[in-house]
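# Summary of the model geometry
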Amino acid sequence: MTEEIARLREEIDKVDEQLVKLLSYRLELSRKIGKAKLNSNVSVTDENRETKVRERWISNAKKYNIPNSLVESILPLIFSYSKLVQINPGEKEKVVIYGYGGMARSIVSILSLAGHEVSITGRDLSKAEILANQFKCVSMAPLRAVDWGDIIIFAIPPNVILSNSNELFSDKLKGKVVMDISSSKFEIFKFLEELSRKLEFKYISTHPLFGPIEYPVGERIVIIPSQTSSNNDIIRIENFWRKSGLVPIITDVETHEKAMAIVQVLAHYYLLGLSNAIETLSLELGVEYSNFHTTNFRELNKILKKVKDLKNVIIEIQKQNPYSYKVRNIGLEELKKIKEELEGGK
Ligand SMILES: O=C(O)C(=O)C[C@]1(C(=O)O)C=C[C@@H](O)C=C1
């Protein structure tokens, strides 16, 4: 490395620190605006103000020769975090997260930032404790946690819920709100609804429409009411997620499964096929293509990598969704039609 590069990198390090410091200061100002808004009953989002801020950024970008696309990618993120620090959940809930995997982590990050009291539990308490320490919350043994919390979220795979239900669910859940986060509701919904009748807990099914990301601000979460959750429970939980920075979508099991047939089952089926076809074709043609990635292919590759990493979950969704068979048939038919169209019936 030349001396010049080393010196310029030092400069960059200083600039980066200034950027972070300024971001922190901006968030601090936003937090203060949030408090003032709360006192005067003004809502957090002010679209007129956001438009003005955006215009100012764009004109500054022009002045300092920065592409608009940079503003378009940074500013929405700044707004989301700015609004997140203004979030005052009003009623702070006592939430128990059962599980310490990627999705548990994602949910814990946003709930603790929004100011809820969060306790993490699970079979392996040392893992629960590691996650708790990362987000300044606590860990508790399962029975104690369930006793303590008002909202219990099972962030574990549906097959684990189904095969360990005796251990996981007890009459200590009576009167509490219980949520699962499974992607496929076909089997688990009926099972937990039945159990909630027996053990008298309020079951509300959810499906976060995002992967295991930290601080999923502004992402969507599906809410599916059951026969054991009242209108008031649903309003409470809708507010709980909204005020924690997510966008709730209320629906029923049937609609959810149909929508997931398109956005998950069909999309994953093609992506898995594409991933395999790329490897097969690369062997067949004897070409190493990694130096030839186009911009689109690079983006696609990121998605294919995620699909490969989550292959177990994806296969589980294919197995569980009641429309999978139909989806795959239509998927294949459409590929055939395109082939015929391209080859003119040859
Ligand atoms: O100006 C405000 O009212 C703010 O809350 C700050 C801010 C911002 O980050 O610039 C955030 C949210 C609003 O929608 C508009 C602007």
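Look up: the structure comes first, before these words.
Below or above, wherever it landed, is the structure these notes cover. As the structure is a computational prediction, the values presented were derived from the model and not from experiment.

Reading the values: rules and limits
- Residues numbered from 1 in each chain as written.
- Predicted model: local features only at pLDDT ≥ 70, side-chain atom pairs only at ≥ 80, totals over all residues.
- Heavy atoms only, no water.
- Pairing = 2+ DSSP bridges.
- Helix = DSSP H or I, 4+ residues; strand = E, 2+ residues; numbered from the N terminus.
- Contact = heavy atoms within 4.5 Å.
- Axes fitted to C-alpha atoms, helices over the stretch in contact; angles between N-to-C directions.
- Expected span 1.5 Å × (residues − 1).
- Buried < 20%, exposed > 50% of the residue type's maximum accessible area, 1.4 Å probe, protein only.
- Arc of directions from axis to C-beta.
- Polar contact = N/O pair within 3.5 Å; in protein donor to acceptor, adjacent residues only side chain to side chain.
- Near = heavy atom within 4 Å.
- Areas by Shrake-Rupley, 256 points an atom, 1.4 Å probe, with all protein chains shown as cover.
- Nonpolar A, V, L, I, M, F, W, Y, C, P; charged D, E, K, R; others polar.

Read across the open sheet, the eight strands follow the order β3-β2-β1-β4-β5-β6-β7-β8; overall the sheet is mixed. Each edge of the open sheet is held by one strand with a lone partner, namely β3 (138–139) and β8 (247–250). Pairing of strand β4 (residues 151–154) with strand β5 (residues 177–180), which is carried by four bridges, proceeds in the parallel orientation. Its bridge partner being in β5, isoleucine 151 is matched across the sheet by valine 177. Seen against the sheet, helix α9 (residues 186–199) touches β5, β6 (202–208) and β7 (220–225) and runs at an angle of roughly 155 degrees to β6.

So, about α9. Helix length check: α9, at 14 residues, gives a terminal C-alpha distance of 21 Å against a target of 20 Å (1.5 Å per residue), a fit within 8%. Looking at α9, one finds that the buried residues are Ile188, Phe189, Leu192, Glu193, Leu195, Ser196 and Leu199. Seen end-on, α9 carries its buried residues on one side only, within an arc spanning 165 degrees. Away from its buried face by more than 90 degrees, α9 exposes Lys190 and Lys198. Along its buried surface, α9 packs onto α7 (158–163), α8 (165–168), β5, β6, β7 and α11 (253–285). Glutamate 200 sits one or two positions beyond α9 and adopts a positive phi of about 60 degrees.

The subject of this paragraph is the side chain of glutamine 320. With respect to the helices, strands and loops of the structure, glutamine 320 is situated in helix α13 (residues 311–320). Of the polar contacts made by the side chain of glutamine 320, one reaches the side chain of glutamate 187; its length is 3.3 Å.

The immediate surroundings of the ligand are formed by Arg26, Ile33, Lys37, Val44, Thr45, Asp46, Arg49, Glu50, Phe79, Ser82, Lys83 and Gln86. Between the ligand and lysine 37, the relevant distance is 2.7 Å, taken from an oxygen atom to a side-chain nitrogen or oxygen of the residue. In the model, an oxygen atom of the ligand is placed 2.6 Å from a nitrogen or oxygen of the glutamine 86 side chain. Protein chains shield 92% of the accessible area of the ligand, which is 360 Å² for the free molecule. For the shell around the ligand, the residue count by class is three nonpolar, three polar and six charged.

Functional significance is not addressed by these values, which are geometric in nature.
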